[in-house]
Amino acid sequence: MVTAIKERTTVEVTVQSKSEFQPENILTVNNLEVFYGEKRAVNGISMIVEKNAVTALIGPSGCGKSTFLRSINRMNDLIPGASAKGEIVYEGLNILSDDINVVALRKEIGMVFQKPNPFPKSIYENITHALKFAGIKKKSLLDEIVEESLKKAALWDEVKDRLDKSAYSLSGGQQQRLCIARTIAMKPTVILLDEPSSALDPISNAKIEDLIVKLKKDYSIMIVTHNMQQASRVSDKTAFFLSGDLIEYDHTEKIFTNPSVKKTEEYISGRFG
Ligand SMILES: Nc1ncnc2c1ncn2[C@@H]1O[C@H](COP(=O)(O)OP(=O)(O)OP(=O)(O)O)[C@@H](O)[C@H]1O
Ligand SMILES: [Mg+2]
C-alpha cells in the first residue's frame, strides 16, 4: 500500500530470487524501551513480526503487553508522560521518528480494544464516519466499503437489514465485530487486538476467534490475550512477556508443547500469573 506516513524521496526496488525467498516480515522491533515518566515498562525488546500471521502476546498482568501493542501504532503517545526509545521498523521507516504522520500510521496499523467502543451512531455511520472525514463522499463508494468491511468482519448477514439502527442495539460480540469492521474499512495492513474477546460470552468469543483466523489472509494480526487456549487456537507465533522483558518468542506450537525457557513453561501451565 502506498502510504502517506512519510514523504518518500527514493524508491527502492529489491529483486529477490526464489531461492532467497523468506516469509515476509511486517514489523521489526529493535531494542524498544517504553517509559511512563521515569519508570520503564518495556525493557529493550527486539522481535520480528511476520506478515499474514497471527502473533499472540501473553504474560501476567502488568508485564507490558498493552504498552508494547499501543507503541506499534503510537497510541501510547496519547498517555501523558509516556515515551519510547529504540526502533519499530514498518515499511522501511522507524515509526517512532518524530516526523511520522501518526494519523496515517493509525489507519495502516489499526487497533481494537478490550471493551467494544462503537460510536453512539448508526451501524452504517460507525463505518463511514472516518471515511467521510478522510474525504470520501460518494454514497455508492461508502455503501460498497460498508458492505465489504462488514462481510470481512463476519457481521454483514446479521446487520444488513438494520444498518440505520444504533450500534448500541447490537450485542457485545456484534459491537466488537463492528469495531473490527470499522478498523478494516480504513484498509489497514496490521490489526492490533488487545484482549478483544475477554469481555464477551463464549459464543461471541468463538466467533471472534474464527474471524481472526480468517482475517490473517489479508492482514497481519497481533493479539494480546490472557486466555492460553485462545493463543494456541488462533496464533502462529507467541511472545511471552514478563516484567517488561520478552522472555521467549517462537512458533505457538513450540511455546505450548516444548518451551525453551522454564518461566514460559511455568506460566503456560498456570503456576503463576
Ligand atoms: N497510563 C499509565 N501510566 C503509568 N504507568 C502505566 C500506564 N499504563 C501502564 N502502566 C504501567 O506499565 C506497566 C505495564 O502495563 P501494561 O498495561 O502494558 O501491562 P499489561 O501486560 O497489558 O497488563 P494487563 O494484562 O493487566 O492488561 C505496568 O507496571 C503498569 O502499571
Ligand atoms: Mg493490558
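Residues numbered from 1 in each chain as written. Chains lettered and ligands numbered in written order. Predicted model: local features only at pLDDT ≥ 70, side-chain atom pairs only at ≥ 80, totals over all residues. Heavy atoms only, no water.

Student: I'm lost on helix α6 (residues 172–184) in this one. Help?
Tutor: Every α-helix carries 3.6 residues per turn, so stepping three or four residues along brings you back to the same face. The end-to-end C-alpha distance of α6, which contains 13 residues, comes to 18 Å, matching closely the 18 Å that a straight helix rising 1.5 Å per residue would cover. Each element contacted by the buried residues of α6 is listed here: β6 (109–112), α3 (123–133), α4 (139–152), α5 (156–159), β7 (190–194) and α7 (202–215). (Helix = DSSP H or I, 4+ residues; strand = E, 2+ residues; numbered from the N terminus. Expected span 1.5 Å × (residues − 1). Contact = heavy atoms within 4.5 Å.)

Student: Which parts of the structure should I look at to understand the site of ligand 1?
Tutor: In the region of ligand 1, 14 residues are neighbours, and S61, G62, K65, T67 and H226 sit closest. Contact distances for ligand 1 include 2.5 Å between an oxygen atom and a side-chain N or O atom of S61. H226 has a polar side-chain atom sitting 2.7 Å from an oxygen atom of ligand 1. Elements supplying a minimum of two residues to the shell around ligand 1: β2 (39–50) and α1 (65–72). (Near = heavy atom within 4 Å. Polar contact = N/O pair within 3.5 Å; in protein donor to acceptor, adjacent residues only side chain to side chain.)

Student: Whenever I open this one, unusual backbone geometry confuses me. Can you help?
Tutor: Keep in mind that most residues, glycine aside, have a negative phi and that most peptide bonds are trans. Its identity as a non-glycine residue notwithstanding, N31 has a phi of 50°, on the positive side. Phi is positive for E91, which is not a glycine, with a value near 50°. Looking at where E91 falls in the secondary structure, it is placed in the loop between β4 (82–90) and β5 (93–94).

Student: Just checking my understanding: could you explain the confidence of the model for the chain for this structure?
Tutor: Predicted confidence across the chain gives a mean pLDDT of 92, with 92% of residues reaching 70 or more. Below a pLDDT of 50 lies the segment residues 8–19, which in the model reaches five contacts outside its immediate sequence neighbourhood of four places, other chains included. (pLDDT = per-residue confidence, 0-100.)

Student: Would you explain the environment of F35 in this entry?
Tutor: Within the secondary structure layout, F35 lies in strand β1 (residues 25–36). When its relative accessible area of 14% is taken as the criterion, F35 is described as buried. Expressed as a C-alpha distance, the spacing of F35 and L192, which sit 157 residues apart in the sequence, is 20 Å. Filtering out sequence-adjacent residues up to four positions away, F35 remains in contact with R40, A41, G81, A82, S83 and K85. (Buried < 20%, exposed > 50% of the residue type's maximum accessible area, 1.4 Å probe, protein only.)

Student: Looking at this structure, I do not really get the side chain of S197. What am I missing?
Tutor: In this structure, S197 sits in the loop between β7 and α7. A polar atom in the side chain of S197 sits 2.9 Å from the side chain of Q230. Residues in contact with S197, not counting those within four places in the same chain, are N205, I208 and Q230.

Student: Explain α1 here, please?
Tutor: Judged by how many residues are buried, α1 sits mostly within the fold: seven of eight residues are covered. Along α1, the positions that sit buried rather than exposed are K65, T67, F68, L69, R70, S71 and I72. R74 lies just past α1 and shows a positive phi near 65°.

Student: What should I look at first to understand the sheet that holds β5 in this one?
Tutor: In any sheet, the strands associate via hydrogen bonds between backbone groups, in a parallel or an antiparallel arrangement. The sheet built from four strands is open, its strands ordered β2-β1-β4-β5 with antiparallel pairing. A single partner strand is all that each edge strand has here, and the edge strands are β2 and β5. With nine bridges connecting them, β1 and β2 associate as antiparallel partners. Residue T28 lies in a different strand from β2, and its bridge partner there is I48. Sitting on the sheet, α1 touches β1, β2 and β4, and the angle it makes with β1 is about 120°. (Pairing = 2+ DSSP bridges. Axes fitted to C-alpha atoms, helices over the stretch in contact; angles between N-to-C directions.)

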